[in-house]
Amino acid sequence: MVAMLVTPLVASTALAGADEPAGLFPGLVEEAAGLERLHSLVIAVGGEPVVSRGFRGPGPNEPANIKSLSKTVLSVVVGMAIERGVFTGVDQSVTELLDVPEGAGDRVAEVTIGHLLSMQAGLQRTSGRHYGEWVNSDNWVDYALSRPFVAEPGGKMLYSTGSYHLLSAALTRSTGRSTLEIIRDWLGDPLGIEIHPWLKDPQGIYFGGNDMRLSPMALLKIGELYRNDGVHGGERLLSQEWIEQSWTQRGTSRYTDDRYGYGWFVTDLGGHRAYYGRGFGGQMLYVFPDLDMTVVMTSDPQPPASPSFMQRQNALLENFVIPAFPLAPASSSQSSQAQR
C-alpha cells in the first residue's frame, strides 16, 4: 500500500469535526447540497470522520439502498470465504459449487469464481436490457448459468449482476447459511455495523450484487477496512493479498473506461489513485490510500438517473476536497502501479 502522505496540519484541521467542515473544504457543503439527487456525504481522513452531512433522504446513520455498490460488499465476503476455505480460490469452477441446469453452454465449467468477481464470465449479460427478463424468471441462478456465451471466459468485461448473484448462491450452497447470515457474522459483527435484510430470489437466495441496505457510516467502515490493509481495531479481518487482488485490473468498463478488479473500479481523480465501488443513481464508496481518505455518497436510487451524475460527484472531490491536501502530485511509484 502507498504510505500516508497527509500533513499534520491537514490532519489536525480535519479533526475539528464533521459539523464544521467549511474551513477544511471551503464551498464543499454548499456545492454538495446543490446536487439534486445527493442524499448524504461522509468523508474520513486518517480514520476520523470530518464531514458527515445529510441533505435529503436517508441520512448518514440510516440504511439506504446501495444498489450495485452491493457488488463491492459481496466481493469482501467472497475474499473471506476463500481465506476460510469455503472456496478453494479464484480459479475454482462455478460447476463445483452450483448445479448446472439443462441447456447451459458446454463451456460453463470454464467459468471461475474470479471470472464472476471481475464480470468476465463470457455469458450473456443479465443487466441492461436483459435485466427485467432475468429477475422475472422462476430461477435466477439457472437463468444466469444458462445464458449463451457471447465472449471468452476471462475475456472482456461484461457488466452483469447475475455473475454476483451466482456468487451469493455459491456462498449459501457451500455453507448452508444465507448470505445475510454470513455477511452479518463475518463482516457486520466485527465492524460493528448493522446488515439489514434485502431482496431474495424465488429460491430464497439473497440478491447478490444489488439492493443491499447499508448506512453511509457502515459503508465508511468497509472502506476503512480496505484503507487499513484489512485490519480493524487491531484485528485482521481480511488479508492484504485479497485487497491487492481486488484492486488489480482485470477488465475495463465500457461506460467509463475505468479499470475493474474484483468488485472495485480503479481510476485517478485530481492526480491521485482512487478505488471505488458504485451503484445506480449515485451510490459511491471511494478509497484514496495516498490521501489517507475514505468517502461515501448516497443518492436517490430511483430512475431516471443521468450518467453524468457520477461525473458531478467526482467533481466534488476534485474541485473541493482533494485541493485541500497540500501534497505533491501522485508519486511516480504510485503512478507506475498501472494495474492498481
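Refer to the structure printed above.
Treat the numbers as computed from the prediction; the structure is a model and nothing was measured.

Caption draft 1: Just the sheet that holds strand β11 (residues 283-288), in detail. The strand order β2-β1-β12-β11-β10-β9-β8-β7 describes an open sheet built from eight strands, whose pairing is antiparallel. One side of each edge strand has no neighbouring strand; the edge strands of this open sheet are β2 (48-54) and β7 (251-252). Summarising the sheet, strand β9 (residues 265-269) and strand β10 (residues 272-279) pair through five bridges and their orientation is antiparallel. Residue threonine 267 lies in a different strand from β10, and its bridge partner there is alanine 274. Here helix α9 (residues 216-227) sits on the sheet and contacts β1 (38-45), β2, β11 and β12 (293-299); the angle it forms with β12, its principal contact strand, is near 150°.

Caption draft 2: Examining unusual backbone geometry more closely. Put simply, proline 303 and proline 304 share a cis peptide bond, and its omega is 0°. A positive phi angle is found at aspartate 211, which is not glycine, with a value near 70°. Its relative accessible area of 15% is what places aspartate 211 among the buried residues. Phi angles above zero are rare outside glycine, and aspartate 229 is one such case at about 60°. Structurally, aspartate 229 can be placed in the loop between α9 and β5 (231-232).

Caption draft 3: How the structure looks around α9. The first and last C-alpha atoms of α9 sit 16 Å apart over 12 residues, in line with the 16 Å expected at 1.5 Å per residue. Most of α9 is tucked away: 10 of the 12 residues are buried. Taken as a whole, α9 has its buried residues at Pro216, Ala218, Leu219, Leu220, Ile222, Gly223, Glu224, Leu225, Tyr226 and Arg227.

Caption draft 4: Structural detail: the pairing of β1. Counting buried positions along β1 yields eight of eight residues, so the element is predominantly enclosed. Note: β1 against β12, seven bridges, orientation antiparallel. Among the inter-strand pairings, alanine 44 is bridged to a residue of β12, identified as threonine 294. Counting the residues that bridge the hairpin from β1 to β2 gives two residues, and of these glycine 46 lies at a positive phi of roughly 60°.

Caption draft 5: A look at the pattern of salt bridges. Overall, the coordinates contain 10 salt bridges when judged by the stated rule. A salt bridge links glutamate 152 to arginine 107, with the shortest nitrogen-to-oxygen separation between them at 2.8 Å. In this pair, glutamate 152 sits in the loop between α6 (140-145) and α7 (161-175) while arginine 107 sits in the loop between α3 (70-83) and α4 (113-118), placing the two residues 45 residues apart along the sequence. Across the salt bridge formed by aspartate 268 and arginine 273, the nearest N and O atoms sit 2.9 Å from each other.

Caption draft 6: Structural view of the environment of tryptophan 247. In this structure, tryptophan 247 sits in the loop between α10 (240-246) and β7. The buried category is assigned to tryptophan 247, whose relative accessible area is 0%. When the C-alpha positions of tryptophan 247 and arginine 259 are compared, they lie 9.1 Å apart, and in sequence the two are 12 residues distant.

Caption draft 7: Representation of the pairing of β9 in the model. Most of β9 sits inside the fold, with four of its five residues counted as buried. Pairing of strand β8 (residues 259-260) with β9 involves two bridges; the strand directions are antiparallel. Bridge pairing in β9 places arginine 259 opposite valine 266. The turn linking β8 back onto β9 is made up of four residues, and glycine 263 within it adopts a positive phi angle of 85°. The antiparallel hairpin formed by β9 and β10 contains two residues in its connecting segment, where glycine 270 sits at a positive phi of about 60°.

Caption draft 8: Highlighting the layout of surface pockets. Roughly 900 Å³ of volume is contained in the largest pocket. Looking at the largest pocket, it is lined by 31 residues, and the ones nearest its centre are Tyr255, Arg278, Gly279, Phe280 and Gly281. Among the secondary structure elements, those contributing two or more residues to the lining of the largest pocket are β9, β10 and α11 (308-321). Looking at the lining of the largest pocket, the element that brings in the most residues is α11, giving six residues. Considered class by class, the residues forming the lining of the largest pocket number 11 nonpolar, 15 polar and five charged. Computed from the structure, the second largest pocket encloses a volume of approximately 160 Å³. Elements with a minimum of two residues in the lining of the second largest pocket: α6 and α7. Partitioning the lining of the second largest pocket into residue classes produces four nonpolar, three polar and four charged.

Caption draft 9: Representation of empty space enclosed by the protein within the structure. Under the definition given, this model contains four cavities of 30 Å³ or more. Top contributing element to the lining of the largest cavity by residue count: α7, with three residues. Among the residues forming the lining of the largest cavity, the class breakdown is six nonpolar, seven polar and one charged. Estimated volume of the second largest cavity: approximately 70 Å³. As for the second largest cavity, its lining consists of Arg125, Met157, Leu158, Tyr159, Thr252, Ser253, Arg254, Tyr255 and Arg278.

Scoring rules and cut-offs
Residues numbered from 1 in each chain as written. Predicted model: local features only at pLDDT ≥ 70, side-chain atom pairs only at ≥ 80, totals over all residues. Heavy atoms only, no water. Pairing = 2+ DSSP bridges. Helix = DSSP H or I, 4+ residues; strand = E, 2+ residues; numbered from the N terminus. Contact = heavy atoms within 4.5 Å. Axes fitted to C-alpha atoms, helices over the stretch in contact; angles between N-to-C directions. Buried < 20%, exposed > 50% of the residue type's maximum accessible area, 1.4 Å probe, protein only. Expected span 1.5 Å × (residues − 1). Salt bridge = Lys/Arg side-chain N within 4 Å of Asp/Glu carboxyl O. 1 Å grid on protein atoms, 1.4 Å probe; cavity = no way out; pocket = protein on both sides within 12 Å on 5 of 7 lines; lining within 4 Å. Points joined across faces, edges and corners; volume = space filled by probe spheres on them. Nonpolar A, V, L, I, M, F, W, Y, C, P; charged D, E, K, R; others polar.

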